[in-house]
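Listed here are the chains, written in short residue letters.
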Amino acid sequence: MHDARAVVDDSTLSVQAPAHEPAWVPVLYLALEGARPGGRSARYALADVDAVAFGRGARRTAVVERDAGRRVLVLAIPDPRMSSRHATLERELGRWILADAGSKNGTLVDGERIAERVALDDGARVEMGHTLFALRRHRLPPGAPAILDAADVDALPGMLTIDPDLAATFERLRAVAAASVPVLVGGETGTGKELLARAVHVLSGRRGELVAVNCAAIPAGLVEAELFGVRRGAYSGALEDRPGLVRRADGGTLFLDEVGDLAPPAQAALLRVLQEREVVAVGDTRPVAVDFRVVAATLHDLDARVAAGAFRADLLARLAGFCIALPPLRDRSCDLGILVAAILRARAPERAERMQLSLEAMRALTRHDWPGNIRELDRCLEAALALTPDLAIDAAHLPQAIRAPAAESELTPDQQAHRGELIALLVRHRGNLSAAARELGKARMQLQRWLTRYGIDPERFRRA
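Residues numbered from 1 in each chain as written. Predicted model: local features only at pLDDT ≥ 70, side-chain atom pairs only at ≥ 80, totals over all residues. Heavy atoms only, no water.

Q: Before we move on, can you summarise the sheet that holds strand E5 (residues 70-77) with the specific residues and values?
A: With mixed pairing, 6 strands are arranged side by side in an open sheet as E4-E5-E3-E6-E7-E10. One side of each edge strand has no neighbouring strand; the edge strands of this open sheet are strand E4 (61-67) and strand E10 (118-119). By the bridge criterion, 2 bridges tie strand E7 (residues 95-100) to E10 in an arrangement that is antiparallel. Counterpart to Ile97 in the pairing with E10 is Ala119. (Pairing = 2+ DSSP bridges. Helix = DSSP H or I, 4+ residues; strand = E, 2+ residues; numbered from the N terminus.)

Here it is, written out as structure tokens:
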């Protein structure tokens, strides 16, 4: 039994939609608990409720109650900075209206304290006490539980998510993992491509090892020797037989990281191995049969590289049995809590459950854009754990780039131009973030992140 759990009969609150057709529904995410970052995230579908009541409780619970004919989702959070009756969120004419209930520490929307009832836009970030929520419209598959606590999510490290779209993709990947279908993983640097490859290897049940190859790091002249092995005396310096990485992966999984950076001759040689399932070492004439699963990863658009003549179309066809694109961390705000908890448990298992984030540290983590993605988050928390002498991570323990916006002098020309465009936008709309976000065609949350990154205070434009 988890301390943080959802108390609800899911059968009465499952999201209804036509068979096999995901339903677009409003979803409330508990993104991060600063007082208890090891508590992970939670997801609450609001399709079948009329209101949400927020307040402090001894443990995290979610209970649906009847109140004058309305269905009210009552959320209790073990946050000492929250009031016992902190705020309410009510559906009115198709919109969700947030109102502070006279709480001691107030309620903030996208970093601004609210004084009265506020209609929430898609992507709005709500801070209550030491806890961060986000309201999103998301597609939930038929039969999806209305309440999902990440503490109950049983997943390998590379597949942790409460994002419904990403979870659906991971579920398809689970089915593929048991077969020998090659997997191609796309995504920016640091999004967790190797972790996902290791998850596929574990789920495959293959008895051999996972052998990771950084294709971009192997010198062009040594690619074939490194991948396929070399016979003693094949060239000057070949003083012994070496089996190569492909043969090491026999019975297991070969992970080809940054496969898009392979030189054309190496692409042709790799294609032959994938077609024939045998390898010939440099300096040898005898092929050796190999049995391995291929998982490849790239940050490049391989279709574009094929069109440009930089990557072989037939090799791409061999690698792209099942394709998955990992989203950047900036697009996974609902997963911040589950990822922070996983990193704390991995980096400091003996104190992870007792760690806390100060209010400023939590705000810094949630407003940062994470250009280095999950890898940057991991390194940030690893350093913070090393710097803190106790159980509290403060803003001072975070890297400067995360705890403070970039100075204008540190911005690239493109970023300076972007900053100027945002300022002009705020001038036109007199600091109204909702109106500015609508003109941009972006979520208010994205606009707020840009303003934070560039050190722009929207308040000064409201007084202009």
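Having seen it, we continue.
Q: So what's going on with the pairing of strand E6 (residues 87-92)? Which residues, and what values?
A: Bridge count between strand E3 (residues 51-56) and E6: 4 bridges; the pairing is antiparallel. Bridge pairing links Ala51 to Glu90 in E6. Of the strand pairs in this sheet, E6 and E7 are connected by 6 bridges, and their pairing is antiparallel. Pairing of Leu89 across the sheet is with Leu98, part of E7. In this antiparallel pair of consecutive strands, E6 and E7, the connection spans 2 residues, and Leu93 shows a positive phi of 50°.

Q: With reference to specific residues and values, describe the confidence of the model for the chain.
A: Across the chain, the average pLDDT comes to 87, with 90% of residues at 70 or higher. When pLDDT is averaged over each helix and strand of the chain, the minimum, 73, is found for helix H15 (residues 459-462) and the maximum, 98, for E3. Low pLDDT, under 50, characterises residues 1-19; the predicted model gives this stretch 50 contacts beyond four residues in sequence or across chains. (pLDDT = per-residue confidence, 0-100. Contact = heavy atoms within 4.5 Å.)

Q: Requested: an account of the environment of Met128, with residues and values cited.
A: Mapped onto the elements of the fold, Met128 is located in strand E11 (residues 125-128). As for Met128 and Phe54, which are separated by 74 residues in sequence, their C-alpha atoms are 8.7 Å apart. With near-sequence residues (within four places) excluded, Met128 lies in contact with Phe54, Asp79, Met82, His86, Ala87, Leu98, Gly106, Thr107 and Phe133.

Q: Lay out the packing of helix H12 (residues 413-428) against helix H13 (residues 433-440) in plain terms, naming residues and giving numbers.
A: Helix-helix packing is characterised by the crossing angle of the two axes and by the distance between the axes. Direction vectors running N to C along H12 and H13 enclose 125°, while the axes themselves pass 9 Å from each other. Put simply, H12 runs oblique to H13. Crossing of H12 against H13: the hand is right-handed. When H12 is examined against H13, the residues Leu422, Leu425, Leu426 and Arg428 are found in contact with a partner set consisting of Leu433, Ala436, Glu439 and Leu440. By residue class, the composition of the contact of H12 with H13 is 6 nonpolar, no polar and 2 charged. (Axes fitted to C-alpha atoms, helices over the stretch in contact; angles between N-to-C directions. Parallel < 35°, antiparallel > 145°, perpendicular 65-115°, else oblique. Left-handed = near helix turned anticlockwise from the far one by under 90°. Nonpolar A, V, L, I, M, F, W, Y, C, P; charged D, E, K, R; others polar.)

Q: Could you give an account of the environment of Ile114, with specific residues and numbers?
A: Here Ile114 is to be found in the loop between strand E9 (112-113) and E10. For Ile114 and Asp100, which are 14 residues apart along the polypeptide, the C-alpha to C-alpha distance reads 7.5 Å.

Q: Can you break down the pairing of E4 residue by residue, with the values?
A: In the sheet, E4 pairs with E5 via 7 bridges, with the strands oriented antiparallel. Its bridge partner being in E5, Ala62 is matched across the sheet by Leu75. Between E4 and the antiparallel strand that follows it, E5, lie 2 residues; Ala68 among them carries a positive phi value of about 55°.

Q: Let's hear about the sheet that holds strand E14 (residues 183-186): which residues, and what values?
A: Read from one edge of the open sheet, 5 strands run E15-E16-E19-E14-E20, paired in parallel fashion. Two strands in the sheet have a free side with no partner beyond their single neighbour: strand E15 (210-214) and strand E20 (322-325). Looking at each pair of strands side by side, their axes are set apart by 15° on average, direction ignored. Where E14 meets strand E19 (residues 293-298), 4 bridges bridge the pair, whose relative direction is parallel.

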